[in-house]
There are 2 protein chains.
Amino acid sequence: MKVGYLGPAGSFTHTAVRALYPDAVLKDYKSIPDTIDAVKNEETDAALVPLENTIEGSVNLTLDYLIHHERLPIIKELTIPIRQHLLVHPLLKDSWQDKVKVIFSHPHAISQCHLFIREHMPHARVEYAGSTAAAAEYASSHPDEAVAAIANAGAAELYGLHTASNDINDYVNNHTRFVALGKNQGTTLAELKELKGTGSKTTVVITLPEDHSGALHQVLSAFAWRRLNLTKIESRPMKTGLGNYLFIIDISREMDDVLLPGAIKEIEALGCGVSILGSYPCFLLEEKKPFPE
Amino acid sequence: MKVGYLGPAGSFTHTAVRALYPDAVLKDYKSIPDTIDAVKNEETDAALVPLENTIEGSVNLTLDYLIHHERLPIIKELTIPIRQHLLVHPLLKDSWQDKVKVIFSHPHAISQCHLFIREHMPHARVEYAGSTAAAAEYASSHPDEAVAAIANAGAAELYGLHTASNDINDYVNNHTRFVALGKNQGTTLAELKELKGTGSKTTVVITLPEDHSGALHQVLSAFAWRRLNLTKIESRPMKTGLGNYLFIIDISREMDDVLLPGAIKEIEALGCGVSILGSYPCFLLEEKKPFPE
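Cut-off values and rules
Residues numbered from 1 in each chain as written. Chains lettered and ligands numbered in written order. Predicted model: local features only at pLDDT ≥ 70, side-chain atom pairs only at ≥ 80, totals over all residues. Heavy atoms only, no water. Helix = DSSP H or I, 4+ residues; strand = E, 2+ residues; numbered from the N terminus. Buried < 20%, exposed > 50% of the residue type's maximum accessible area, 1.4 Å probe, protein only. Contact = heavy atoms within 4.5 Å. Salt bridge = Lys/Arg side-chain N within 4 Å of Asp/Glu carboxyl O. Pairing = 2+ DSSP bridges. Axes fitted to C-alpha atoms, helices over the stretch in contact; angles between N-to-C directions. Least-squares fit on C-alpha atoms with pLDDT ≥ 70 in both. Phe/Tyr/Trp six-rings, centres within 6.5 Å; stacked < 30°, edge-to-face > 60°. Lys NZ or Arg CZ within 6 Å of the ring centre and 35° of its normal.

1. What about the overall build of chain A?
Working step 1: Within chain A, the regular secondary structure consists of ten helices and 14 strands.
Working step 2: Taken across its 293 residues, chain A has 60% of its residues classed as buried.
Working step 3: A separation of at least 24 residues holds for 77% of the contacts in chain A among residues at least 6 apart in sequence.

The following block contains the structure:
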């Protein structure tokens, strides 16, 4: 099995794809659309992309591409904790506190470690990289520049960097949700015993018949009286102009549940458009190591 | 008046801040938290940051910082069309089609122009910059490298670049929503006659008493029977762990409307927490020029 992911190697998506497809041949792509297109073009069997609260990618890009371009089904979900570390070249192991004058990372990672930087390195200059992994690679290949990268444990390992300070992100309960897209499950669920199963979800996209105040309320009534639990709801522009919205709703459910099809029929009868982006099992990656060595 | 914005100069936020505060002294900041903190520290009187569907910034960062750190009120909203152009050094004006082998921009801008790149420049190598403006600055200062930047018309003007191909983003109806944060309005609304007024909004953050299936439905009932029009609803993790969500809801309303306070009281009576992020006038920037010269 061949699985594509949003690269480069050492990114959070790389951590996710290794956990969800431990035996697959992996291939990194430069963008979310490229990663998804590769499945369509049969270069790969599945695509692993970030969906929510991410660093390198963007929720918007993934959802927009799924909704407007390629309706590849979501087949699996993996949530991983986002832990950022301050990484330096091994030669700077004992001297980084005096020598490092530049912090290098993706803009979102920099912002996520805003309080740490302000408190511990207020005089360091911040420079931006295209990804956390690219910043780690730069720190590794430029020992003379005394630059510190902010990146994850996988990047530290891949580029042989020393962890000068671990878990420097401002929020400890920070997670990113990744999804696998493809035409079939690939890995059997039994093979994923390292991961914690957290149930199943269905993701639907609903377009309202017209922009009136109570339409969304009617849609949610169809879920509420069946006691279907919505774990996420988000309105997004339809790209046909300002003010037209579609709704993306995640419903937590058993895979053999019979209530959801009824709710969807009821919502369609209200004049709404309903598309199912996938019904899929969900997993959580629990890190064992307290922090990278 | 002094207004901070998410820089660098030539970014989309820079376009927005110039439109919303035409007479202010502007100061660019490196991150969304820095831009917001500057108001708190009284370095600036207001902050201009992206809120939705953005390129350089992230919705998540702005909302999270407002909700969890600094409750600065939203005082104005500006929506601007996102138009991306392929920019080259003027020396490459007639030869770019043969010479350019590298496209340089922010990862999100690259993804937004995915179809253009695939169709017109399939053999170009893609390189990532920390912002679209940084890519334009690089193209301007490295004529010998024959690099094309993807950035906006403001960056083309600021860095003296030639527009090789205009409006190359895949979606024409792509907009970004920016908000101004601060303690008082600053500019009077009469001064903004270049902008189109699009009404007023109130943004509220609602936390549910417990994670049960019908709670959100109850909250929306309070808006629905008053015919209050929700223009956006989004659930977001509360950062206290997976599965705890808060809801961010935008309500379109007249500034002197009397129905919303009643709805908020009713929602609080249900046991929900309600915080108002601001009640503010909204504007749209309509571009006059078909594309930059």
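Now that the structure is up, let's keep going.
2. Quick notes on the pattern of salt bridges
Residues and elements named next belong to chain A.
Working step 1: According to the stated counting rule, one finds 20 salt bridges over all chains in the structure shown.
Working step 2: Among the ionic pairs, Glu-52 bridges to Arg-177, the shortest N-O distance being 2.9 Å. Of this pair, Glu-52 sits in strand E3 (residues 46-52) while Arg-177 sits in strand E10 (residues 175-182), placing them 125 residues apart in sequence. Across the pair, Arg-177 and Glu-52 agree in class, each one buried.

3. Concerning the pairing of strand E8 (residues 147-151) of chain B
All names here are of chain B.
Working step 1: Here E8 lies mainly inside the structure; five of its five residues are buried.
Working step 2: Where burial is concerned, the two faces of E8 agree: the one with Val-147, Ala-149 and Ala-151 and the one with Ala-148 and Ile-150 are both buried.
Working step 3: In this structure, strand E5 (residues 85-88) lies alongside E8, joined through three bridges in antiparallel fashion. By the bridge assignment for E8, Leu-86 is matched with Ile-150.
Working step 4: Of the pairings in the sheet, the one linking strand E6 (residues 102-105) to E8 comprises three bridges and is parallel in character. Its bridge partner being in E8, Phe-104 is matched across the sheet by Ala-149.

4. Quick word on the sheet that holds strand E8 (residues 147-151) of chain A
All names here are of chain A.
Working step 1: Spatial strand order, E7-E6-E8-E5-E9: five strands in an open sheet with mixed pairing. Edge strands, defined here as strands with exactly one partner in the open sheet, are strand E7 (125-128) and strand E9 (162-165). The sheet shows a mean angle of 35 degrees between the axes of neighbouring strands, direction not considered.
Working step 2: The sheet strands contacting helix H7 (residues 132-141) are strand E6 (102-105) and E8, and the helix crosses E8 at an angle near 150 degrees.

5. Description of the relation of the copies chain A and chain B
Working step 1: Placing chain A over chain B gives an RMSD of 0.0 Å and needs a rotation angle of 180 degrees, together with 0.0 Å of translation along the axis. Such a turn and shift between the copies fits a two-fold axis. Taking the C-alpha atom as reference, chain A places Glu234(A) closest to the rotation axis, 2.1 Å from it.
Working step 2: The share of interface residues of chain A whose copies in chain B are also at the interface is 100%, consistent with both copies meeting through the same surface.

6. Brief notes about the packing of aromatic side chains
Working step 1: Overall, the coordinates contain two aromatic pairs over all chains when judged by the stated rule.
Working step 2: Positioned above the aromatic ring of Tyr29(A), the side-chain terminus of Lys27(A) is 4.8 Å from the ring centre.
Working step 3: A cation over a ring is seen here: Lys30(A) above Tyr128(B), with NZ or CZ 5.6 Å from the ring centre.

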